[in-house]
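# Summary of structural features
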Protein chains: 2
Amino acid sequence: MLSKNKIKFINSLKKKKYRNESGLFLAEGAKLVDEILTSGFQVPLICATQEWMNSSRLKEQANIKELISITQRELNRISTQKNPNQVLAVVEQPVHKIAEDELTDNLSIILDSMSDPGNLGNIIRTGDWFGIYNLICSHSTVDVYNPKVIQSTMGSICRVKVHYRDLEEVLSEYHNVADFHIYGSFLRGNNIYQTELSDKGFIVMGNEAHGISKELIPYIDNRLYIPNYVGNAGYKPESLNVSVATGIICAEFRRRKGDMK
Amino acid sequence: MLSKNKIKFINSLKKKKYRNESGLFLAEGAKLVDEILTSGFQVPLICATQEWMNSSRLKEQANIKELISITQRELNRISTQKNPNQVLAVVEQPVHKIAEDELTDNLSIILDSMSDPGNLGNIIRTGDWFGIYNLICSHSTVDVYNPKVIQSTMGSICRVKVHYRDLEEVLSEYHNVADFHIYGSFLRGNNIYQTELSDKGFIVMGNEAHGISKELIPYIDNRLYIPNYVGNAGYKPESLNVSVATGIICAEFRRRKGDMK
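Rules behind the numbers
Residues numbered from 1 in each chain as written. Chains lettered and ligands numbered in written order. Predicted model: local features only at pLDDT ≥ 70, side-chain atom pairs only at ≥ 80, totals over all residues. Heavy atoms only, no water. Helix = DSSP H or I, 4+ residues; strand = E, 2+ residues; numbered from the N terminus. Buried < 20%, exposed > 50% of the residue type's maximum accessible area, 1.4 Å probe, protein only. Contact = heavy atoms within 4.5 Å. Areas by Shrake-Rupley, 256 points an atom, 1.4 Å probe, with all protein chains shown as cover. Pairing = 2+ DSSP bridges. Axes fitted to C-alpha atoms, helices over the stretch in contact; angles between N-to-C directions. Buried area = accessible area lost by both parts, 1.4 Å probe. Salt bridge = Lys/Arg side-chain N within 4 Å of Asp/Glu carboxyl O. Polar contact = N/O pair within 3.5 Å; in protein donor to acceptor, adjacent residues only side chain to side chain. Nonpolar A, V, L, I, M, F, W, Y, C, P; charged D, E, K, R; others polar. Core = buried A, V, L, I, M, F, W, Y, C linked by side-chain atoms within 4.5 Å. Phe/Tyr/Trp six-rings, centres within 6.5 Å; stacked < 30°, edge-to-face > 60°. Parallel < 35°, antiparallel > 145°, perpendicular 65-115°, else oblique. Left-handed = near helix turned anticlockwise from the far one by under 90°. Expected span 1.5 Å × (residues − 1). Least-squares fit on C-alpha atoms with pLDDT ≥ 70 in both.

Turning our eyes to something else, we now look at the overall build of chain A. Helix and strand counts for chain A stand at ten helices and ten strands. Taken along the three principal axes of its C-alpha coordinates, chain A extends 60 × 45 × 35 Å. Expressed as a percentage of the 261 residues in chain A, the buried residues total 56%. Partitioning the contacts of chain A with sequence separation of at least 6, the portion at a separation of at least 24 is 74%. For chain A, the exposed surface amounts to about 11800 Å²; the carbon and sulfur share of it is 46%.

Dropping the structure here:
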């Protein structure tokens, strides 16, 4: 059974302040929690129904500090989900260092003030799909450990490393690296389909409403846009959702390499 | 000032049942409401702050039946948004007929049981961007007039027509039309980058968790997949978010035509 203190502790992790203080976050659902357990995350606490307890995956794992059997009703009470599914885990936030080589030799995504949790989750999933394993976010970007982000990554959070950094510092550091390119997504610029794309660089995506910050623009050496297609409609549509735009851009970078599977 | 009855009426439109019964929906924010007003929608009621009242756009419009000046506090009370912005409109749901020629001569998107409002909103925006103006949804798809969908379309709802139909009927009707293709998005199938793509056809996208329904599969004559790129990671990522996948697929159809602007 869950003590009042445990419930309070779990509820506190729904707030960014307490997640920051404790270095912990919540993850829910049999599939996601199983993936977290097999990915080497430290898991201080698992609250699970008997159904999950009976699953085989659990027994192989050693990194669970405390395991509490709860009823569905208790799970409903602590869950952040509409349809709570078997298990809620309290997980240690991983500490990712940025390996310079890893950045200079690969594509990474840079997010400037992304505010919507669903967008961040979608982009992490997109990174996973296209083998883009480093996501560098401004401090103003929504917290990756927000339960909405974690759940919408569908497990990709186990593979894509999300870093929070001062983006001006990061971009100025990489701006002059040889054979390294800083691309940004804009509503005007170079048609992505007519632009040479390298697989070593940053793809900078801006805030949902305001785009890329003024301070970062000088570091972007290639402004890309996704051409639209409006037939004879005689108007210009507003814009694409930023997670959709990120997907289209990443797909095009990978298509060029021609070695997608 | 807002009467209790008006507040009750507006609140009722936050529920699908009452939207269906009344044939109305809510739209909020100066930008979206202005776009709705200039798009010929019928607007039985507008509740707006003085700031919006003073805007010029209003005076040109004749299709507003009732206009109530409210305070920011009243707006906060009736709004569906975190940050209510100047105006809330009650709008008549447009009645869209499906023009057969329009479908057989163009691309359209078919959504099978899309459940997330944000995904539907993103896809409407994507349709607008790529000039795909008909979206045909299964009856099990989330209500397009859900405030979350309407707000996330960012005005694209004024241009993209959303129809609710029995998809098996629709697909069986178009299945044998000459020079018309029914594409579907799958995790396995033909690499979209190595497949001939026509600009006359349907692009069928499935439910977030379960993909395309069994009953619809026989009508799909080309299964497409978006290749991933996982380097040497030695695993296969789960999947892309469905609105991201729709964006990548639509972009590729349009890129092939080579006449994007």
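Another aspect to go through is the sheet that holds strand E4 (residues 87-92) of chain B. All names here are of chain B. Spatial ordering of the open sheet is given by E1-E4-E2-E3, a layout of four strands whose pairing is mixed. The two strands at the open ends of the sheet, each matched to only one other strand, are strand E1 (24-28) and strand E3 (64-69). Here the average twist between neighbouring strands, direction ignored, is 15°. Against the sheet, helix H1 (residues 4-12) touches E1, strand E2 (43-48), E3 and E4, its axis set at about 110° to E2.

This part takes up the interface of chain A and chain B. Facing the 39 residues of chain A at the interface are 39 residues of chain B. Across the chain A to chain B interface the summed buried area is about 4000 Å²; carbon plus sulfur atoms make up 55%. Where chain A meets chain B, there are zero salt bridges. Taken together, chain A and chain B are joined by 14 residue pairs in polar contact (both at pLDDT 80 or more). For the side of chain A that touches chain B, the secondary structure elements donating two or more residues are helix H7 (117-129) and helix H10 (242-257) of chain A. When residues of the side of chain A that touches chain B are assigned to their parent elements, the largest contribution, eight residues, is made by H10 of chain A. Of the residues belonging to the side of chain A that touches chain B, the class tally is 19 nonpolar, nine polar and eleven charged.

Our next topic: the nonpolar core. By size, the foremost hydrophobic cluster in this structure holds 110 residues, and its most contacted members are Ile46 of chain A together with Ile46 of chain B. Those residues in contact with Ile46 of chain B that sit more than four places away from it in its chain are Val33, Leu37, Trp52, Ile64, Glu66, Leu67, Ile68, Val87, Leu88 and Ala89 of chain B.

A few words on the packing of aromatic side chains. All names here are of chain A. The final tally for this structure, using the stated rule, is twelve aromatic pairs over all chains. Summarising the aromatic geometry, the rings of Phe180 and Phe202 are spaced 4.8 Å apart at their centres and angled 90° between planes, so their arrangement reads as edge-to-face. Separated by 22 residues along the polypeptide, Phe180 in the loop between helix H9 (167-174) and strand E8 (181-191) and Phe202 in strand E9 (residues 201-205) bring together distant segments of the chain. This pair shows no difference in class: Phe180 is buried, exactly as Phe202 is.

This part takes up the packing of helix H7 (residues 117-129) of chain B against helix H10 (residues 242-257) of chain B. To characterise two packed helices, one gives the angle between the axes of the helices and the distance between these axes. Residues and elements named next belong to chain B. Where H7 meets H10, the closest approach of the two axes is 9 Å, and the angle between their N-to-C directions is 15°. By the criterion of interaxial angle, the relationship of H7 to H10 is roughly parallel. The interaxial crossing formed by H7 with H10 has right-handed handedness. Contact with H7, carried on its side by Asn119, Asn122, Ile123 and Thr126, involves Val242, Ser243, Thr246, Gly247 and Cys250 of H10 and no other residues of that element.

Residue and element names in this part refer to chain B. End to end, H7 covers 19 Å across 13 residues, agreeing with the expected 18 Å (1.5 Å per residue, within 8%). Taking burial as the measure, the 13 residues of H7 include twelve buried ones, the bulk of the element. When we look at burial in H7, the residues that qualify are Pro117, Asn119, Leu120, Gly121, Asn122, Ile123, Ile124, Arg125, Thr126, Gly127, Asp128 and Trp129. Among the residues trailing H7, Gly131 stands out with phi positive, at a value near 65°.

With that settled, the discussion passes to the sheet that holds strand E7 (residues 161-165) of chain A. Residue and element names in this part refer to chain A. Taken in spatial order, the six strands of this open sheet run E7-E6-E5-E9-E8-E10, and their pairing is parallel. Of all the strands in the sheet, just E7 and strand E10 (222-225) have a single pairing partner and so form its edges. Direction aside, the axes of adjacent strands within the sheet are offset by 35° on average. Alignment of strand E5 (residues 107-111) against E9, held across five bridges, turns out to be parallel. Counterpart to Leu111 in the pairing with E9 is Met205. The sheet strands contacting H10 are E5, E8, E9 and E10, and the helix crosses E9 at an angle near 160°.

Pairing of strand E6 (residues 134-138) of chain B with strand E7 (residues 161-165) of chain B involves five bridges; the strand directions are parallel. Bridge pairing in E7 of chain B places Asn134 of chain B opposite Lys161 of chain B.

Residue and element names in this part refer to chain B. Enumeration over the complete set of coordinates arrives at 18 salt bridges over all chains. The partner of Arg19 in a salt bridge is Asp143, with the nearest N and O atoms 2.9 Å apart. With a gap of 124 residues between them, Arg19 in helix H2 (residues 16-22) and Asp143 in the loop between E6 and helix H8 (147-152) connect regions that are remote in the sequence. On the basis of relative accessible area, Asp143 is assigned to the buried category, the value being 9%. With a shortest N-O distance of 2.7 Å, Arg255 and Glu252 are connected by a salt bridge. Here Arg255 and its partner Glu252 are both found in helix H10, three residues apart, which amounts to about one turn of the helix.

Its rotation angle being 180°, the transformation that places chain A on chain B also includes 0.0 Å of axial translation and leaves an RMSD of 0.0 Å. Seen this way, the second copy is the image of the first under a two-fold rotation axis. A high fraction, 100%, of the interface residues of chain A reappear at the interface in chain B, so the copies pair face to face through one surface.

Before going further, it helps to spend a moment on H10 of chain B. Residues and elements named next belong to chain B. With 16 residues, H10 ought to run about 22 Å at 1.5 Å a step, and its terminal C-alpha atoms sit 23 Å apart, in line with that. With 13 of 16 residues buried, H10 lies mostly within the body of the structure. Following H10 by one or two positions, Gly258 adopts a phi angle in the positive range, close to 65°.

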